[in-house]
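One letter stands for each residue in the lines below.
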Amino acid sequence: MTVYRNYINGRWTEPRSGRYVDNVNPATGEVLGRAAVGTEEDVAEAVAAAKAAFARWRKVPAPRRAEILYRVGELLRERKEELARKMTQEMGKVLPEARGDVQEGIDMAYYMAGEGRRLLGYTTPAEMPDKFAMAVREPIGVVAAITPWNFPMAIPTWKIMPALVAGNTVVFKPATDTPWMAYELVRIFEEAGLPPGVLNLVYGPGETVGEALLRHPDVHLISFTGSVESGRHVNQVAGAQLKRVHLELGGKNAVIVMDDADLDLVEQAVTWSAFGTTGQRCTATSRLLVHEAVYDQVVERLAARAAKLRLGNGLDPQTDVGPLINGRALEKVAYYVDVGQEEGARLVVGGRPATEGELARGFFFQPTIFADVTPDMRIANEEIFGPVLAIIKVRSLEEAIAVNNGVQYGLSSAIFTRDVRNAFVAMRDLATGICYVNHGTIGAEIHLPFGGMRATGNGHREAGLAALEVYTEWKAIYVDFSGRLQRAQIDEVKIEDIG
Ligand code: NAD
């Protein structure tokens, strides 16, 4: 059984608490390993190491920093299958999806390694003669990367890699449900030759270890992915100290199905984006807004398909849908099914935990669809984060867009249509950070900006070039080589004086 210790200043260290917690396979209940329970003192030590390492790391040429990332990408690629299998055991997603999660880390490593030879700033003319003006990107300092369990490889790499290539140092606090993936990732950075202190890992609960990072004066940037409730708290605490705060929060993503849509494609795509990762993706489709002309057909097709999905251990190639992450998640999903029924929605398939045979050992819930949902119902507004789809009937594209935009979240949206006008109106008017045409709401690529509007975040974006805006700040530099005092905005520049 693996024991996952903290990693501070290049050493795997015991937590000051001396305590460890079990890492449990959500499909089987098997204990996979034991993870350190970090403390405030561990955080203080990790931040001190990151602060000390920053002094040198910021001066290492970015192309050299990038070489280490490139090597991390190579190691992830070599170990992709092994890591994916461990991930499936640790958090339950089916193996092909776990491979995809590791692949996002590989993609991000190569992409950000490329940034090491760009990190572009710009030069621009100065308004005075014999003067040079430029804007360059500077690292920010010590970054706290606080991550959820649902993409235990991808999300940490989305934060750590741009942070490091830009010259920051990092203290990483992973979710308590996925310590194994964090351990494997940090080990790979160590093997790739990252100097001590540049990346540190502290395990432990959000309320203690996470909180200590929010409050530590030497942490300059909090990069946080998690729920709206936690994000609001992070923003209040870290924002009050004027730290930079980057938030990626929840979603209540909708797919619009127009009367001219390809319904075979809708059936496949919606099943995938509603029930893939057991609905535990921030971009999962949890609302389906269907034009009245095809409503009955769509409900019927999706219900039939959901009823056939096979639940089980994600390592089994026959499995379509794995378990939920833990008992609390199972209770939350069951709670929302009760809420939906009380609100008068029509339960067309699923609705109960799945407990037949082997399934009784894990946290399985039947893929569930509610029809005749109205936009004001709680199940149409609140993030359930499980295999539950709410279907709403709409009469027009305009109504569908209004319903899509009527929730507090604004992460991902999609439209299925064959009409180019519908597509372009939707692309213009859907108020989400990600928008798909003829594809479900999941499946973002790492070189585009990722994130959402309204309560899904605070305006920053992860991934793509946009990530560099989070992990760098601008410095404007003026070099006056005129040899005299030139006062911008005050001294008039006379063209005839220029020789
Ligand atoms: P969570 O908010 O419970 O936890 C996320 C992380 O924050 C964990 O590491 C947790 O320990 C830590 N944390 C909790 N309280 C904290 C505190 N007071 N101070 C500092 N850290 C604290 O979320 P979760 O259940 O792990 O993840 C699911 C949520 O994440 C869903 O809402 C989902 O939509 C969201 N999510 C968003 C994105 C995105 O990019 N927008 C991606 C994946 C998941």
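This is a predicted model, so every value here is computed, not measured.

Taken together, 26 residues sit near the ligand, with Thr147, Ser227, Ser230, Leu249 and Glu383 positioned nearest. Contact distances for the ligand include 3.3 Å between an oxygen atom and a backbone N or O atom of Gly226. A distance of 2.6 Å separates an oxygen atom of the ligand from a polar side-chain atom of Glu383. For the ligand, whose accessible area on its own is 850 Å², the fraction buried by protein is 88%. Elements with a minimum of two residues in the shell around the ligand: helix H7 (206–215), strand S11 (221–225) and helix H8 (228–240). Ranked by the residues each element gives to the shell around the ligand, the list is headed by H7, at four residues.

Mapped onto the elements of the fold, Ile442 is located in the loop between strand S20 (434–437) and strand S21 (453–454). Of the residues examined, Ile442 reaches a relative accessible area of 1% and is grouped as buried. For the pair Ile442 and Asn253, spaced 189 residues apart in the sequence, the C-alpha separation amounts to 9.4 Å. Not counting residues within four places of it along the chain, the set of residues in contact with Ile442 comprises Trp272, Ser273, Arg281, Thr283, Ala284 and Tyr436.

Enumeration over the complete set of coordinates arrives at nine aromatic pairs. A centroid spacing of 5.2 Å and a plane angle of 65 degrees characterise the contact between Trp12 and Tyr183, whose relative ring orientation is edge-to-face. Here Trp12 is found in strand S3 (residues 11–13), whereas its partner Tyr183 is found in helix H6 (residues 179–191), with 171 residues between them in sequence. For Tyr183, a relative accessible area of 13% translates into the label buried. Following the ring pairs from residue to residue traces out a cluster consisting of Tyr4, Tyr7, Trp12, Tyr183 and Tyr203. Just above the ring of Phe151 sits the side chain of Lys93; from NZ or CZ to the centre is 3.7 Å. Above the ring of Tyr295, the side-chain terminus of Lys393 is found at 4.9 Å from the ring centroid.

Along the chain, the position of Arg137 falls in strand S7 (residues 131–139). A polar atom in the side chain of Arg137 sits 3.3 Å from the backbone oxygen of Leu120. A polar contact is formed between the side chain of Arg137 and the side chain of Thr472, at a distance of 2.9 Å. Beyond its immediate sequence surroundings of up to four residues, Arg137 is in contact with Leu119, Leu120, Leu468, Glu469, Thr472, Glu473 and Trp474.

Taken in spatial order, the three strands of this open sheet run S6-S7-S22, and their pairing is antiparallel. Edge positions in the open sheet fall to strand S6 (122–125) and strand S22 (472–480), since each of these has one partner strand only. Strand-to-strand twist across the sheet, computed as the mean angle between neighbouring axes with direction ignored, equals 25 degrees. As judged from the nine bridges shared by S7 and S22, these two strands associate in the antiparallel manner.

Turning our attention to the nonpolar core. Core analysis: the biggest nonpolar cluster contains 137 residues, and Phe189, Val257 and Leu288 have the highest contact counts within it. The biggest single contributor to this core is helix H4 (residues 95–115), with nine residues. Once residues within four sequence positions are removed from consideration, Leu288 is found in contact with Val255, Val257, Val270, Val298, Leu302, Leu389, Ala390, Ile391 and Ile392.

Strand order across the open sheet formed by three strands is S1-S5-S4, with mixed pairing between neighbours. Each end of this open sheet is capped by a strand with a single partner; those strands are strand S1 (2–4) and strand S4 (20–24). Strand-to-strand, the axes of this sheet are offset by a mean angle of 30 degrees, without reference to chain direction. As judged from the three bridges shared by S1 and strand S5 (residues 31–36), these two strands associate in the parallel manner.

Time to look at H6. For H6, with 13 residues, the first-to-last C-alpha span of 18 Å sits near the 18 Å given by 1.5 Å per residue. With respect to burial, H6 is a largely interior element, 10 of its 13 residues being buried. Taken together, the buried positions of H6 are Pro179, Trp180, Met181, Ala182, Tyr183, Glu184, Leu185, Val186, Ile188 and Phe189. A positive backbone phi angle near 100 degrees is found at Gly193, which sits one or two residues after H6.

Residues Val420, Phe424, Met427 and Val437 make up a contiguous nonpolar surface patch of roughly 370 Å² in combined accessible area. For the nonpolar patch, the element with the most residues is helix H13 (residues 420–429), which contributes three residues. As for its position among the elements, Val437 is in strand S20. What makes Val437 partly exposed here is its relative accessible area of 34%.

Rules used throughout
Residues numbered from 1 in each chain as written. Predicted model: local features only at pLDDT ≥ 70, side-chain atom pairs only at ≥ 80, totals over all residues. Heavy atoms only, no water. Near = heavy atom within 4 Å. Polar contact = N/O pair within 3.5 Å; in protein donor to acceptor, adjacent residues only side chain to side chain. Areas by Shrake-Rupley, 256 points an atom, 1.4 Å probe, with all protein chains shown as cover. Helix = DSSP H or I, 4+ residues; strand = E, 2+ residues; numbered from the N terminus. Buried < 20%, exposed > 50% of the residue type's maximum accessible area, 1.4 Å probe, protein only. Contact = heavy atoms within 4.5 Å. Phe/Tyr/Trp six-rings, centres within 6.5 Å; stacked < 30°, edge-to-face > 60°. Lys NZ or Arg CZ within 6 Å of the ring centre and 35° of its normal. Pairing = 2+ DSSP bridges. Axes fitted to C-alpha atoms, helices over the stretch in contact; angles between N-to-C directions. Core = buried A, V, L, I, M, F, W, Y, C linked by side-chain atoms within 4.5 Å. Expected span 1.5 Å × (residues − 1). Patch = residues over 30% accessible without salt bridge, like charges linked within 9 Å, V, L, I, M, F, W, Y side chains within 5 Å. Salt bridge = Lys/Arg side-chain N within 4 Å of Asp/Glu carboxyl O.

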